[in-house]
Amino acid sequence: MAWGRSSVPKPPPPPRSALSKLAPLIILIVLLVGFAFIGYHLYLSFQKISNAASDKMQSKNVVFTKDGLRVGVKEVKNESYVDATQNYLVKAWNLSTWPEYKSKLWNKQQPDGKLEARKPYVSTSSLFIYGLKYAG
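Residues numbered from 1 in each chain as written. Predicted model: local features only at pLDDT ≥ 70, side-chain atom pairs only at ≥ 80, totals over all residues. Heavy atoms only, no water.

Regarding the overall build of the protein chain
A count of helices and strands for the protein chain gives 3 helices and 2 strands. Starting at the N terminus and walking to the C terminus, you meet the elements of the protein chain as α-β-β-α-α. Looking at the 136 residues of the protein chain, the share that counts as buried comes to 6%. About 13800 Å² of surface is accessible on the protein chain, with carbon and sulfur atoms providing 65% of the total. (Helix = DSSP H or I, 4+ residues; strand = E, 2+ residues; numbered from the N terminus. Buried < 20%, exposed > 50% of the residue type's maximum accessible area, 1.4 Å probe, protein only. Areas by Shrake-Rupley, 256 points an atom, 1.4 Å probe, with all protein chains shown as cover.)

Here we look at a nonpolar patch on the surface
On the surface, Leu19, Leu22, Leu25, Ile26, Leu28, Ile29, Val30, Leu32 and Val33 cluster together to form a nonpolar patch covering roughly 860 Å² of accessible area. Looking at the element boundaries, leucine 28 is found in helix H1 (residues 18–59). By relative accessible area, which is 46% here, leucine 28 ends up partly exposed. (Patch = residues over 30% accessible without salt bridge, like charges linked within 9 Å, V, L, I, M, F, W, Y side chains within 5 Å. Salt bridge = Lys/Arg side-chain N within 4 Å of Asp/Glu carboxyl O.)

Focus: the confidence of the model for the protein chain
For any part of a model where pLDDT is low, the fine detail of the predicted coordinates should not be relied upon. Here the protein chain averages 78 in pLDDT, and 65% of its residues register 70 or above. The lowest-confidence element of the protein chain is helix H3 (residues 124–130), averaging 58 in pLDDT; the highest-confidence one is H1, averaging 94. (pLDDT = per-residue confidence, 0-100.)

What to know about unusual backbone geometry
At asparagine 61, a residue that is not glycine, the phi angle is positive and equals roughly 65°. As for its placement among the helices and strands, asparagine 61 is situated in the loop between H1 and strand E1 (62–64).

Notes on H1
End to end, H1 covers 61 Å across 42 residues, agreeing with the expected 62 Å (1.5 Å per residue, within 8%). Roughly 35° is the biggest bend found in H1, and it falls at proline 24. Where H1 ends, the next residue or the one after it, asparagine 61, has phi of about 65°, a positive value. (Expected span 1.5 Å × (residues − 1). Bend = angle between axes of the 7 residues up to and from the residue.)

Structural data, given as structure tokens:
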């Protein structure tokens, strides 16, 4: 019969060798080792980045703990803060001039055209800290 089953059975396929039986397993193991290698190197690079970021944050007084983030504040001495503030105020005072301003209450004398810079108050304790002598 041309359209139906043939009466002659197909011959069985030749037996597979041991290597052809193990080839899919070898390919799977090679792929798993490759993915593991890539994953391990990604892990190493992430750890290096994390350690570098942590070191940089610690240098800026920011520390990661189990409880969360701890931020340290740099200590600023009150005297140095007051000195810096005073210096800015004196600079602003010296740079501000109103040559045409005449008050009814003070500065009744005629200006001679020469403005004298104001001198800031300097505490003797800050001079002692910086090793300077008081000029009075």
